[in-house]
Each structure stands twice: as C-alpha cells, then as structure tokens.
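Each chain is listed here by its residues.
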Amino acid sequence: MNYCPCGATPLSVLQKQDCSNGDSAPTCGRRCGKEKLICSTSGEQHICRSQCHNGPCPPCTKSRVVQCIECKDKVRVDCQDLKQTEEYICGRCFKPCNKVKNCGRHWCYKHKCQGSDSSHLCDKVCNRRLGCGNHDCDQPCHSGDCKMCPHTSIHKLDCGCSEEVVVPCAATLPTCNKPCARIHACDHEVTHMCHNKDACPPCTTLTDKMCTGGHKTITMPCYTKIMTCDSICGKILPCGQHQCQRKCHDGYCTKTSEKCKQLCQTLRNNCGHMCGLVCHAPKECPKTNCMEKLTVTCKCGKIKQQKPCFLLVTGSETDHMFLQSPQKILQCDSECRRNSQANLPQDRTNDVDFMDFVKSELQWFTEQAKKGLVEPRYKFAATSKENRHIIHALAPHYGCTTDSYGTGPQRYTAVSYVGET
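Residues numbered from 1 in each chain as written. Predicted model: local features only at pLDDT ≥ 70, side-chain atom pairs only at ≥ 80, totals over all residues. Heavy atoms only, no water.

As annotated in an unreviewed UniProt entry, the protein chain is Transcriptional repressor NF-X1 from Geodia barretti. UniProt's Sequence similarities (unreviewed entry) comment on the protein chain is quoted here verbatim: "Belongs to the NFX1 family." Here is the UniProt Subcellular location (unreviewed entry) comment for the protein chain, exactly as written: "Nucleus". (UniProt positions renumbered as here; feature names shortened; annotations may be inferred.)

## Some words on the overall build of the protein chain
If you tally the helices and strands in the protein chain, you get five helices and twelve strands. Residues classed as buried in the protein chain amount to 29% of the 421 residues present. Of the contacts formed within the protein chain by residues at least 6 apart in sequence, a portion of 27% connects residues at least 24 apart. Accessible area for the protein chain stands at about 29,000 Å²; split by element, carbon and sulfur atoms hold 50% of it. (Helix = DSSP H or I, 4+ residues; strand = E, 2+ residues; numbered from the N terminus. Buried < 20%, exposed > 50% of the residue type's maximum accessible area, 1.4 Å probe, protein only. Contact = heavy atoms within 4.5 Å. Areas by Shrake-Rupley, 256 points an atom, 1.4 Å probe, with all protein chains shown as cover.)

## Digging into the packing of aromatic side chains
Applying the stated rule across the entire model yields five aromatic pairs. Note on Phe354 and Phe357: the rings are 6.1 Å apart at their centroids and 40° apart in plane angle, and the pair reads as tilted. With Phe354 and Phe357 both in helix 4 (residues 351-371) and three residues apart, this pair spans about one turn of that helix. Each member of the pair, Phe354 as well as Phe357, is classed as buried. Between Tyr405 and Tyr412 the ring centres are 5.8 Å apart and the planes differ by 35°, which places this aromatic pair in the tilted class. (Phe/Tyr/Trp six-rings, centres within 6.5 Å; stacked < 30°, edge-to-face > 60°.)

## Digging into the pattern of salt bridges
In this structure the tally under the stated criterion is three salt bridges. Residue Asp123 pairs with Lys101 through a salt bridge whose shortest N-O separation is 3.7 Å. Of the two residues, Asp123 sits in the loop between strand 2 (74-78) and strand 3 (152-156) while Lys101 sits in the loop between strand 2 and strand 3, which places them 22 residues apart along the sequence. The salt bridge partner of Lys216 is Asp230, with a shortest N-O separation of 3.1 Å. Of this pair, Lys216 sits in the loop between strand 5 (206-210) and strand 6 (217-221) while Asp230 sits in the loop between strand 6 and strand 7 (293-298), and the two are 14 residues apart along the sequence. Its relative accessible area of 52% is what places Asp230 among the exposed residues. (Salt bridge = Lys/Arg side-chain N within 4 Å of Asp/Glu carboxyl O.)

## Considerations on the side chain of His192
Inspection of the secondary structure puts His192 in the loop between strand 4 (164-168) and strand 5. On the accessibility criterion, His192 (16% relative accessible area) is buried. Here His184 takes part through its side chain, which lies 3.4 Å from a polar atom of the side chain of His192. Once residues lying within four places of it in the same chain are set aside, the contact partners of His192 are Pro179, Cys180, His184, Cys200 and Pro201. (Polar contact = N/O pair within 3.5 Å; in protein donor to acceptor, adjacent residues only side chain to side chain.)

## A few points about the sheet that holds strand 11 (residues 400-405)
Picture the strands of a sheet paired through backbone hydrogen bonds; they go either parallel or antiparallel. Across the sheet, which stays open at both edges, the three strands sit in the order 10-12-11 with antiparallel pairing between neighbours. With partners counted over all chains shown, the strands left at the sheet margins are strand 10 (377-379) and strand 11, one partner each. Within the sheet, the average angular offset between the axes of one strand and its neighbour, ignoring direction, is 20°. Bridging between strand 11 and strand 12 (residues 412-417) involves six bridges; their strand directions are antiparallel. Considered in strand 12, the bridge of Thr402 is made with Val415. (Pairing = 2+ DSSP bridges. Axes fitted to C-alpha atoms, helices over the stretch in contact; angles between N-to-C directions.)

Set out below in structure tokens:
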C-alpha cells in the first residue's frame, strides 16, 4: 500500500491516484515528523515540524551543545551550521589552510590541512558561463577555458529542402550541401547548391545560339538571352531601298519617326550616276544637277581637271556615252607641244613624215598666237641639220621667223610669229 510522503496516511484514504510512476505524491497536511539526519547523529533527535512534503526536509531550526575538539570548550551551535561528517572546531582554534586549490579560483579552508599543492582538488562545480552564452559549465571547478557546450538542438535548414540537422548550442546553421532541387528554366545539370534565395543563380553552361540578327551561331552561356555578332545588320529599312548599316543589334533598326539618312542610289537618266541626295523614297528623285566629279584631259593627257558632271553632259546620247571615261576635251598648251616633240627621234630618215609634223605644229602655233592663247615664240626640239632646214623653209609660209641655238646634237630651232605678210 502506498502512503503520503510523511508515511502517515495511505493514498487510498486521500482518494488520490497511485503516484508510483515518479510524479510528486499527494500530501496529507499533517506534520512531517521525520528525524533530521545531522541532529540524530549527534545524539539529539530533532524532528521536522513542516507539513507533509515531498523531497528532503528543510534545515533544522534548533540548536545543540557541541564540544570543540581542540580546546574542549562547549558551545551552543545551530544545527544547520554543523556538518555531518566533520567535528566541531571553535573560532579560536580554527586555523584554515589558505592554499589555492587546483582550479586557481578557490582556497582550501580545512583546519590544519597537511595536503600538498597537488592534492588540493576543488570539489565545487565550475558554473562559469560557456561560450554559447546560454548554459553554465557543469564540470568540476578547473583552470583554463571551459569545454564547448555539450548541448545540441535539432533545427531545419533555412533552404529549399528544409532538412533537419543536429546543431551545437548557439552554433550557426550549416549550409545545405545538396544540389538545388527547384524547377529550373533549362534542362542542364544543376551546378549550385540548395539555397534560400528568391531566385536561383543563372545557368552558366555553354550553349550554341544564333545571334539576334540571324547571321551566325555563337557559343555563349545559357543565361544569355541576347547576343550580337560583329556582322552588319543588313535588314531592309522602312524606306524599302537601303539596308541597315549598323552592327548586329537587337530591336528595330530605326525609330518609327526617324527617316532613312542614307544616300539615294537611283541612277539618273541623263548621265547614269546615282542621285546622291538623302533618301527620299518612295518619292521620285527631284530634278537636280549631278555633282559627280569627272576627270577631263587634253588630247595628249598632260592637263587634267575635275569638273562636276552637269557641266559636261549636254543631254544628247552621243555626248553622254562619250563623257563616261576621262575626256580629252581640254586644249593643249605650248608645253604639251614641246612634250610631243621630245618624243620624236632626233634623226628622222623620212623627210615627208617630219615635214607633215612641222606643218601641223606651225598651223596650231599660229592659230593660238593669233588668239593670244600662247606666247608668240615656239621652240622645236633639238634635231638634225636636215630637219632644221625643213623648219627654216616652212616657217615663213605661216608668218614666222626662225633662229637656231645651241651646238652639236643639242642645236634646236625656235620660231616667232610676226604675222602674215
């Protein structure tokens, strides 16, 4: 039969449930009446005057007479100030050891202790705050740092899989070492670990994709959405006549309100050159002068000039076809004539050919001299004596006088226009 803590009343009388499972037993309300252990060992029997209670009895509130083991004096001491295992020593006779114990924190207060330094083991509990900041050290008092907190707890990782792990007290939650299990936009192998971020890192797997302009395939990371190459765009502009000259790009080639700024390439009807004005499609080309530069020359090709096309084209089909290559329409000057003579051999065997040459030169010279287009003096190239005689003979018929200069092979003839007689 089970009883209350003081042992005076059965539990059945108290009409309580049997507490044999370890829970606190119900109390009866009577005086405890148990004997105090310290008091009973000294010969005097003091009983607990508290009401029936669970656990050990509170300290005795009475006193008793004890004898000092040193001076043999008798004194009255409270029971709660006495220890069960030690004999009483009065204050006059008590001589503490006062040596530091092995923990380095406490001193030995035993009476006439004969122990060595190594035998002074501290019998207290350390009770210093551990590094976790939550618990105290429950090891015997010691020197140096306390060990790590032995307490652990189970936490869920702050990641997508929420795995449960055992974590030491006050330790930081470890990172999850499992691959990310979320659904990703691509089917490539996942290379990043489980995480708690809103978005996964971009996929860096290299893939072959077509550039945004459709020119060629480029190897790029999977996450790259837009990639351009170094090719010219080439898309037809809204004008319908020109191609975009920008490098490969995304989006529209031009703004909706922006007009094409390339030059019109429509060929003109009268000269065949391009229009050259800023694009005006779909309107027809306006009637403007062609400013295309053409090179025109004299007959021998020595004199060259750049002239705009509209100054040369007369509008007729024959002239139009004639003016598409370097044109020989400029007048030769006296320098051109001298260059022509220099190309002739100095010793001509065919007098008829040289006579025809002299006639044509004198004819041209006199015509130009009459108009004042050249100086009235013309120099023939150095030639043989026979050829110089031909020049002397023909010059008077063209209103010219002659003189010879130089010596030997370098002797030449000069004519001066004086007018027809």
